[in-house]
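The lines below spell out each chain.
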Amino acid sequence: MAHGNGTSGGTAIPDHEFWDTFYTERDQIWSGNPNVVLVRETHGRTPGTALDLGCGEGADAVWLAGQGWRVTAVDVSRVALGRAAERAAAAGVADRVDWQWHDLSQSFPEGTFDLVSAQFLHQPGEILRERILRRAAGAVAPGGVLLIVGHAGFPAWEEHDREEARFPTPDEVLAALSLPEDGWEVQLSEEHERIQNGPDGQPATRRDNALKVRRRG
């Protein structure tokens, strides 16, 4: 989920307040389906421990748990975490998911994991996002993978200064991780298109990017 600071009248709103308000606007925000790149890139992988950063309403975490993973799922919104826990209980996987509240700019879950997934974990400041993603890399166990999926541009229905506002490429994300080349293997680095419905319900094409790296060992 795309997490970052909200603003109102020029005053910064703490992440948890902004996102709790965001999630209370509707009973369900996201589709409820797992992210397609996560499904594709974990296909055939032996389930182990997984860390889902910015889990939102829990679709990815619940899907992973249903595949046999033991999941630690993290979000800054307690409203979203409550919905996610209800979804896990309804799916019969509540015992396989540990829901944790974290403001990732301030705290980070303990331990190492066979899979660390950061799906659309955007921040207003790239320096903060880079710091979080470096911590995510540090949480990957030997032989495990870090999967980062993000937007490659704004959707067609949003107005932005397209020349000034930009999203990092997979190569830029990799460079910002500062990973030692002898300790990591790049398994995926790509931009791809997908269909996303706009506010009016009409489908539109959107570009995203994905980076998957494996820690040797």
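Residues numbered from 1 in each chain as written. Predicted model: local features only at pLDDT ≥ 70, side-chain atom pairs only at ≥ 80, totals over all residues. Heavy atoms only, no water.

Overview of the overall build of the protein chain
- Of the regular secondary structure elements, the protein chain holds six helices and nine strands.
- Burial statistics for the protein chain: of 217 residues in total, 46% are counted as buried. (Helix = DSSP H or I, 4+ residues; strand = E, 2+ residues; numbered from the N terminus. Buried < 20%, exposed > 50% of the residue type's maximum accessible area, 1.4 Å probe, protein only.)

Details of helix α3 (residues 59-66)
- A large share of α3 lies buried, amounting to six of its eight residues.
- Elements in contact with the buried residues of α3: α2 (36-42), β3 (49-53), β4 (70-75), α4 (78-91), β5 (97-101) and β6 (113-119).
- Two residues or fewer past α3, G68 is found with a positive phi of approximately 105°. (Contact = heavy atoms within 4.5 Å.)

Digging into the side chain of N209
- You can see N209 is positioned in strand β9 (residues 203-215).
- According to the relative accessible area criterion, N209 is buried, its value standing at 5%.
- Here P168 takes part through its backbone oxygen, which lies 2.9 Å from a polar atom of the side chain of N209.
- Discounting chain neighbours no more than four positions away, the residues touching N209 are I148, V149, G150, H151, A152, P168, T169, P170, E190, E191 and H192. (Polar contact = N/O pair within 3.5 Å; in protein donor to acceptor, adjacent residues only side chain to side chain.)

Some details on the pairing of β4
- Of all six residues in β4, five are buried; the element is thus mostly enclosed.
- In terms of strand pairing, β3 meets β4 through five bridges, oriented parallel. Looking across to β4, one finds that A50 is bridged to V71.
- Crossover β3 to β4 through α3 is right-handed.
- Both β4 and β5 contribute to a ladder of five bridges, which runs parallel. In the sheet register, A73 faces β5, and the bridge partner there is W99. (Pairing = 2+ DSSP bridges. Right-handed = clockwise from strand over helix to strand, strands pointing away.)

Some words on the nonpolar core
- Ranked by size, the top nonpolar core spans 24 residues in total, and within it L64, V71, A73, V97, W99 and L115 carry the most contacts.
- At four residues, the largest contribution of residues to this core is made by α3.
- In contact with W99, not counting residues within four places along its chain, are C55, G58, A61, V62, A73, L81, A84, A85 and A88. (Core = buried A, V, L, I, M, F, W, Y, C linked by side-chain atoms within 4.5 Å.)

Topic: the packing of helix α1 (residues 15-24) against α4
- Following both chains from N to C, one finds α1 and α4 inclined at 50°, their axes separated by 7 Å at the closest point. Comparing the axis directions of α1 and α4 gives the class oblique. The segment α1 lies against α4, with D20, Y23 and T24 engaging R78, V79, A80 and R83.
- Taken together, the residues of the contact of α1 with α4 break down into three nonpolar, one polar and three charged. (Axes fitted to C-alpha atoms, helices over the stretch in contact; angles between N-to-C directions. Parallel < 35°, antiparallel > 145°, perpendicular 65-115°, else oblique. Nonpolar A, V, L, I, M, F, W, Y, C, P; charged D, E, K, R; others polar.)

A few points about the confidence of the model for the protein chain
- On average, the protein chain scores 85 in pLDDT, and the residues at 70 or more come to 81%.
- Across residues 1-13, where pLDDT falls below 50, the model places 37 contacts with residues more than four positions away in sequence or in other chains. (pLDDT = per-residue confidence, 0-100.)

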